[in-house]
Amino acid sequence: MRTEGDTWDIKTGVGSTALFVAAARALAGDEPGALAEDPFAEDFLRAAGAEWAALLDGEAPGHPLTETEFGKDFQEFQAARTRYFDDYIRAATAEDVRQVVILAAGLDARAYRLAWPDGTVVYELDRPQVLDFKREVLAGNGDEPRADRREIQVDLRDDWPQALRDSGFDPSVPTAWLAEGLLIYLPADKVEQLFETVHSLSAPGSRVAIEQMDQVSEAAAEAIGRQSDENEQARTEWLQMIYNEPRSEAAAWFTARGWTAERVDVPEYLRAHGRPAPVDQPAGGVVSNLVSLVTAVRS
Ligand SMILES: C[S@@+](CC[C@H](N)C(=O)[O-])C[C@H]1O[C@@H](n2cnc3c(N)ncnc32)[C@H](O)[C@@H]1O
């Protein structure tokens, strides 16, 4: 169960979800015709220890990410969201946005992976030990960011806007915000506060991209755990980490405040990109069909 002010590192609690999604990205990137590739994901897993490396090497029998319908679904979903948000970032920088804020950056290596125009500043916010792990792994491998990357070690339930400003963030110029894999780990009132903050710090021309998940029904929760004992354990742990509460729908929230928003559900996005939508398969998509991707622009 989550508690107010709980903490974690990269291998515990909410921090371990950053490794889990990085693992899904690494595995998904190996599939023929993958929608996205993230070579840094593998480096993080190998640095995280033998059990994560074994997953990459096909030596983790029974692991939910490789051996279940849930795993296939989750990999497709991660590749879809990586591609969607990569395209969002590229479109924003093509429109001269030079300030990017990645909320709950986790093991997102876009600052190292994407080609950034000169002068782009990328702020990465996450808990201190998560960012420490990421920096140490990448520096240890001799990797250099391709933008002016600034770490902001914060808890997103605290006063992160002040920390962002203290690091040089300028609210008078357009920003591209990204919230990928975050909202479910925040209580609904903190999500509301986060939307308010993004809105209040966004100059005209700013954009925001958000991944959101419907509340997980009892039936959906059952389906996630159905396929193996290990999956059942992972499901139980994950359900204890998320705030399974009703939250504001992001596209409607930003539209109501004058932004122009677009939303796509993950199965629809996968089909549009020629990938199998797990929800169409006999076993059904168990997570991806709960998720939608939203982009909004402030004129
Ligand atoms: C599923 S991972 C997603 C990471 C990254 N955005 C990605 O898609 O690869 C969730 C991330 O949210 C971060 N996170 C969740 N709640 C947070 C909070 N209250 N403050 C700071 N970071 C938080 C975790 O540390 C973790 O890195």
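Here we summarise the structure given alongside this text. (Residues numbered from 1 in each chain as written. Predicted model: local features only at pLDDT ≥ 70, side-chain atom pairs only at ≥ 80, totals over all residues. Heavy atoms only, no water.)

**Notes on the site of the ligand**
- Neighbouring the ligand are 22 residues; Arg25, Ala104, Asp126, Leu156 and Glu180 lie closest to it.
- Within the contact set of the ligand, an oxygen atom lies 2.9 Å away from a side-chain nitrogen or oxygen of tryptophan 8.
- In this structure, alanine 104 approaches the ligand through a main-chain N or O atom, which is 2.8 Å from a nitrogen atom.
- Its free accessible area being 590 Å², the ligand has 99% of it covered by the protein chains.
- The element contributing the most residues to the shell around the ligand is helix α1 (residues 15-29), with four residues.
- Broken down by class, the residue content of the shell around the ligand amounts to twelve nonpolar, three polar and seven charged. (Near = heavy atom within 4 Å. Polar contact = N/O pair within 3.5 Å; in protein donor to acceptor, adjacent residues only side chain to side chain. Areas by Shrake-Rupley, 256 points an atom, 1.4 Å probe, with all protein chains shown as cover. Helix = DSSP H or I, 4+ residues; strand = E, 2+ residues; numbered from the N terminus. Nonpolar A, V, L, I, M, F, W, Y, C, P; charged D, E, K, R; others polar.)

**Observations concerning the packing of helix α10 (residues 218-225) against helix α11 (residues 229-241)**
- Two numbers describe how α10 lies on α11: the axes approach to 7 Å, and their chain directions differ by 140°. The orientation of α10 relative to α11 falls into the category oblique. Residue-level inspection shows Ala221, Glu222, Ile224 and Gly225 of α10 in contact with α11, the latter providing Asn231, Glu232, Arg235, Trp238 and Leu239.
- Residues that form the contact of α10 with α11 fall into these classes: four nonpolar, two polar and three charged. (Axes fitted to C-alpha atoms, helices over the stretch in contact; angles between N-to-C directions. Parallel < 35°, antiparallel > 145°, perpendicular 65-115°, else oblique. Contact = heavy atoms within 4.5 Å.)

**Some details on α1**
- In this model, α1 (15 residues) spans 22 Å end to end at C-alpha, consistent with the 21 Å of a helix rising 1.5 Å per residue.
- Counted residue by residue, α1 has 15 buried out of 15 residues, so it is predominantly covered. (Expected span 1.5 Å × (residues − 1). Buried < 20%, exposed > 50% of the residue type's maximum accessible area, 1.4 Å probe, protein only.)

**Describing the pattern of salt bridges**
- Across all of its chains, the model carries 28 salt bridges by this definition.
- The shortest N-O distance in the salt bridge between arginine 150 and aspartate 148 comes to 2.7 Å.
- Judged by relative accessible area, aspartate 148 falls into the partly exposed class, the value being 33%. (Salt bridge = Lys/Arg side-chain N within 4 Å of Asp/Glu carboxyl O.)

**Some remarks on empty space enclosed by the protein**
- Scanning the entire structure with this criterion turns up one cavity of 30 Å³ or more.
- Roughly 50 Å³ of internal volume is contained in the largest cavity.
- Taken together, Arg25, Asp38, Thr82, Asp108, Ala109, Arg110, Arg113 and Glu180 make up the full set of residues lining the largest cavity.
- Looking at the lining of the largest cavity residue by residue, the class counts come to one nonpolar, one polar and six charged. (1 Å grid on protein atoms, 1.4 Å probe; cavity = no way out; pocket = protein on both sides within 12 Å on 5 of 7 lines; lining within 4 Å. Points joined across faces, edges and corners; volume = space filled by probe spheres on them.)

**Things to note about the pairing of strand β5 (residues 207-213)**
- Across the seven residues that make up β5, a large majority, seven, are buried.
- Both faces of β5 are covered, namely the face carrying Arg207, Ala209, Glu211 and Met213 and the face carrying Val208, Ile210 and Gln212.
- One crossover worth recording links strand β4 (residues 175-179) to the parallel β5 by way of helix α9 (residues 188-200), and it is right-handed.
- In this sheet, strand β7 (residues 291-298) lies alongside β5 in antiparallel orientation, the contact comprising seven bridges. Residue alanine 209 lies in a different strand from β7, and its bridge partner there is threonine 295. (Right-handed = clockwise from strand over helix to strand, strands pointing away. Pairing = 2+ DSSP bridges.)

**Considering the nonpolar core**
- One finds Phe74, Val216 and Val287 to be the most contacted residues of the largest nonpolar core, which totals 74 residues.
- Setting aside residues no more than four positions away along its own chain, phenylalanine 74 makes contact with Phe20, Val21, Ala24, Leu65 and Val287.
- The next biggest cluster of nonpolar side chains, apart from the first, holds 32 residues, and it includes Val191, Leu194, Val198 and Ala251. (Core = buried A, V, L, I, M, F, W, Y, C linked by side-chain atoms within 4.5 Å.)

**Thoughts on the side chain of serine 292**
- Take serine 292: it is sitting in strand β7.
- Exposure remark for serine 292: the relative accessible area of 1% places this residue in the buried category.
- Excluding residues within four positions of it along the chain, serine 292 makes contact with Ile210, Glu211, Gln212, Arg263, Val264, Asp265 and Val266.

**What to know about the pairing of strand β3 (residues 148-153)**
- Summarising the sheet, strand β2 (residues 121-126) and β3 pair through six bridges and their orientation is parallel. Across the sheet, the residue bridging to aspartate 126 is glutamine 153, located in β3.

**A short note on the environment of valine 198**
- With respect to the element layout, valine 198 can be found in helix α9.
- Sequence-wise, valine 198 and aspartate 118 are 80 residues apart; in three dimensions their C-alpha atoms are separated by 24 Å.
- Once you skip the residues sitting within four places of it in the chain, valine 198 turns out to touch Leu103, Trp177, Val208, Phe254 and Trp259.

**Observations regarding the packing of aromatic side chains**
- The tally for this structure, following the rule as stated, stands at 14 aromatic pairs.
- Measuring from ring centre to ring centre gives 5.4 Å for phenylalanine 195 and tryptophan 253, while their planes differ by 65°; the resulting arrangement is edge-to-face. Within this pair, whereas phenylalanine 195 is found in helix α9, its partner tryptophan 253 is found in helix α12 (residues 250-255), the two being separated by 58 residues in sequence. For the pair formed by phenylalanine 195 and tryptophan 253, the shared burial category is buried.
- One residue, arginine 127, lies across the ring of tryptophan 8, its end atom 5.6 Å from the ring centre. (Phe/Tyr/Trp six-rings, centres within 6.5 Å; stacked < 30°, edge-to-face > 60°. Lys NZ or Arg CZ within 6 Å of the ring centre and 35° of its normal.)

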